[in-house]
Amino acid sequence: MKKSLLYIGNDLQHSASNPTYMAGLSVALRDAGYFVKTASGKSNKVCRLWEMCSMLYKLRKKVDFVLIDTYSTQNFYYAYIISLLCRFFKIEYIPILHGGNLPKRLIHNPILCKQLFGNALTNVSPSKYLLAAFHSCGFSNVLCIPNAINLEDFPFQERDKTIPLKIFWMRSFKDIYNPLLALQVVDQLKNQFPDIQMTMAGPSDDAVLKECKQFASERNLPITFLGKLTRQEWAQASRQHNLFLNTSRFDNTPLSLIEAMALGLVVVSTNVGGI
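Keep in mind that this is a model prediction, so the values were computed, not measured.

Along its length, the chain carries 10 helices and 11 strands. The C-alpha atoms of the chain give 20 Å as radius of gyration, which agrees with the globular expectation for 275 residues (19 Å, within 12%). On the principal axes, the C-alpha backbone points of the chain span a range of 65 × 40 × 35 Å. Within the span of the chain, comprising 275 residues, buried residues form 46% of the whole. The long-range share in the chain, meaning contacts at least 24 apart out of those at least 6 apart in sequence, stands at 72%. Seen as two clouds, the 30 positive and the 20 negative side-chain charges of the chain have centres 9 Å apart.

Next comes the structure, spelled out in structure tokens:
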């Protein structure tokens, strides 16, 4: 019999966000024969939580399992509230662990974490980093399924080591990804590498992007800002670069780094989380 899934998480599909994990996995699950409903695509946080809860209530007698994208920042509380409802309606649920800072959640919010993760059917970790962190806190119900990409979408290219240093940075322009650090790196290197160039791409928090553009202008840095890119645009733009720079403050195992390596870019990153 065809299994019915409710997938709870961030399903935002607009210019201010990168393609979501949910967008890819929900399609793959449907292709595998599952019936999948998703929530929520609402931008407003209160409306998003309301849609998540109301969807769960509506499908409480029809759904076999609930998948819950679980992050370490404010969205952690969405996951916690949905887990409470799942237990109330006696529905088995599976948190999918994304937040690179979840190990701190385990330490600073032990009671909430025990209720959320301890009562789950299983917890899915995309990295051994989170797997080890959960094991160290006494959680044995954790399964590691590594992040994966379709290599056909990211064709490998041998990079020319003789061309000028051309850096690619691509995450969201948010403080947790520390884009200003990438600009500071270029500022430090420009005397040693006078032909250095950097391209920065990704959806933006307007205040963070404004700060980055101001910093680049004040120091006359050779930076190109591209905005949000599709998968195809990212693969094409990468062909003119030879290094991928990642500056996140905390992280799990980001798909952008896996994609960059698949494309043949050298990756230089902060040493955080699952990286």
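In this section: the sheet that holds strand β11 (residues 266-269). Across the sheet, five strands lie side by side as β9-β8-β7-β10-β11; this open sheet has parallel pairing. Of all strands in the sheet, those with a lone pairing partner are β9 (223-227) and β11, marking the two edges. Put simply, the sheet's adjacent strands are angled 25 degrees from each other on average, direction ignored. Here strand β7 (residues 166-170) runs beside strand β10 (residues 243-246); their pairing, made up of two bridges, is parallel. Paired with Ile 167 across the strands is Leu 243, a residue of β10.

With that out of the way, let us pick up the pairing of strand β4 (residues 92-97). Taking burial as the measure, the six residues of β4 include five buried ones, the bulk of the element. As defined by bridge partners, strand β3 (residues 65-70) adjoins β4 across six bridges and the pair is classed as parallel. Bridging across to β4, Phe 65 finds its partner in Glu 92. Traced from β3 through helix α3 (residues 76-88) to β4, the parallel crossover comes out right-handed.

With that settled, the discussion passes to a positive patch on the surface. Together, Arg 30, Lys 37, Lys 58 and Lys 62 line one region of the surface with positive charge. Structurally, Arg 30 can be placed in helix α1 (residues 21-31).

With that settled, the discussion passes to the packing of aromatic side chains. This model, assessed by the stated rule, comprises 11 aromatic pairs. With centroids separated by 6.4 Å and ring planes inclined at 55 degrees, the aromatic side chains of Phe 76 and Phe 117 adopt a geometry described as tilted. Within this pair, whereas Phe 76 is found in helix α3, its partner Phe 117 is found in helix α5 (residues 110-118), the two being separated by 41 residues in sequence. Comparing Phe 76 with Phe 117 shows no difference in burial state: the two are buried. Joined through ring pairs, the aromatic side chains of Phe 76, Tyr 77, Phe 117, Phe 134 and Phe 139 make up one cluster. For Arg 60, the ring lying beneath its charged end belongs to Tyr 57, and the centroid distance is 3.9 Å. The aromatic ring of Phe 225 is capped on one face by Lys 213, whose charged end is 5.7 Å from the ring centroid.

We now examine the nonpolar core. Among the nonpolar cores identified, the biggest contains 30 residues, and Leu 6, Val 66, Ile 82, Phe 117 and Phe 134 are the most heavily contacted of them. Every element with two or more residues in this core is listed here: β1 (4-8), α2 (45-58), β3, α3, β4, α4 (102-108), α5 and α6 (128-136). At six residues, α3 tops the list of elements feeding residues into this core. In this structure, Phe 117 is in contact with Thr 70, Phe 76, Pro 95, Leu 97, Leu 102, Leu 106, Asn 123, Phe 134, Phe 139 and Asn 141, ignoring residues within four places of it in sequence. In terms of nonpolar packing, the next biggest core, distinct from the first, is built from 21 residues, Tyr 177, Cys 212, Ile 223 and Leu 243 among them.

For α3, built from 13 residues, the straight-helix expectation of 18 Å at 1.5 Å per residue is met to within 8% by its first-to-last C-alpha distance of 19 Å. Burial in α3 covers these residues: Phe 76, Tyr 78, Ala 79, Tyr 80, Ile 82, Ser 83 and Cys 86. Tucked inside the fold, the buried residues of α3 contact β1, α2, β3, β4, α4 and α5. Lys 90 sits one or two residues past α3 and shows a positive phi near 60 degrees.

The step from Ala 39 to Ser 40 runs through a cis peptide bond, and the omega angle for that step is 15 degrees. Looking at where Ser 40 falls in the secondary structure, it is placed in the loop between β2 (35-39) and α2. Its identity is not glycine, yet Lys 90 carries a phi of approximately 60 degrees, on the positive side. On the secondary structure map, Lys 90 appears in the loop between α3 and β4. A residue is classified by how much of its surface remains accessible, and Lys 90, at 75% relative accessible area, is exposed. In this structure, Asn 220 is a non-glycine residue whose phi angle is positive, near 50 degrees.

Procedures and definitions
- Note that residues are indexed from 1 along each chain, following the sequence as it is written.
- pLDDT decides what is reported in this predicted model: residues at 70 or higher carry local features, side-chain atom pairs at 80 or more are listed and counted, and totals for whole chains, interfaces and linings draw on all residues regardless.
- Side-chain metrics in this entry use all non-hydrogen atoms of the structure; hydrogen atoms and water are not considered.
- A run of H or I in DSSP counts as a helix once it spans at least four residues, and a run of E counts as a strand once it spans at least two, with each numbered from the N terminus.
- In this treatment the radius of gyration is a C-alpha quantity, and the globule benchmark scales as 2.2 Å times the residue count to the 0.38 power.
- Exposed residues in this analysis have more than 50% of their type's maximum accessible area, buried residues have under 20%, and partly exposed residues fall in between, with area computed by a 1.4 Å probe over protein chains only.
- In what follows, a contact means two residues having at least one pair of non-hydrogen atoms within 4.5 Å.
- Neither His nor the chain ends contribute to the count of charged residues, in which Lys and Arg are positive and Asp and Glu negative.
- Where a charge sits is defined by one atom per residue type, namely NZ (Lys), CZ (Arg), CG (Asp) or CD (Glu).
- What makes two strands pair is DSSP finding at least two bridges between them.
- Here an angle of 0 to 180 degrees is reported between the N-to-C directions of two axes, which are lines fitted to C-alpha atoms, with helices fitted over the stretch in contact.
- When the strands point away from the viewer, a crossover counts as right-handed if the route from the first strand across the helix to the second turns clockwise.
- Exposure above 30% relative accessible area and the lack of any salt bridge qualify a residue for a patch; like charges then connect within 9 Å, and the nonpolar side chains Val, Leu, Ile, Met, Phe, Trp and Tyr within 5 Å.
- Note on areas: Shrake-Rupley, 1.4 Å probe, and residue coverage restricted to the protein chains presented here.
- Whenever a carboxyl oxygen of Asp or Glu lies within 4 Å of a side-chain nitrogen of Lys or Arg, that contact is scored as a salt bridge.
- Under the pairing criterion, centres of Phe, Tyr and Trp rings, with the six-membered ring standing for Trp, must be within 6.5 Å; the plane angle then separates stacked pairs below 30 degrees from edge-to-face pairs above 60, leaving the rest tilted.
- Placement of a positive charge over a ring is assigned whenever Lys NZ or Arg CZ falls within 6 Å of the ring centre and within 35 degrees of the normal to the ring plane.
- Grouping buried Ala, Val, Leu, Ile, Met, Phe, Trp, Tyr and Cys residues that are joined through side-chain atoms within 4.5 Å yields what is termed a nonpolar core.
- Between the first and last residue of a helix there are one fewer steps than residues, each counted as 1.5 Å, and that sum is the expected span.

By themselves, these observations are geometric and do not establish any function.
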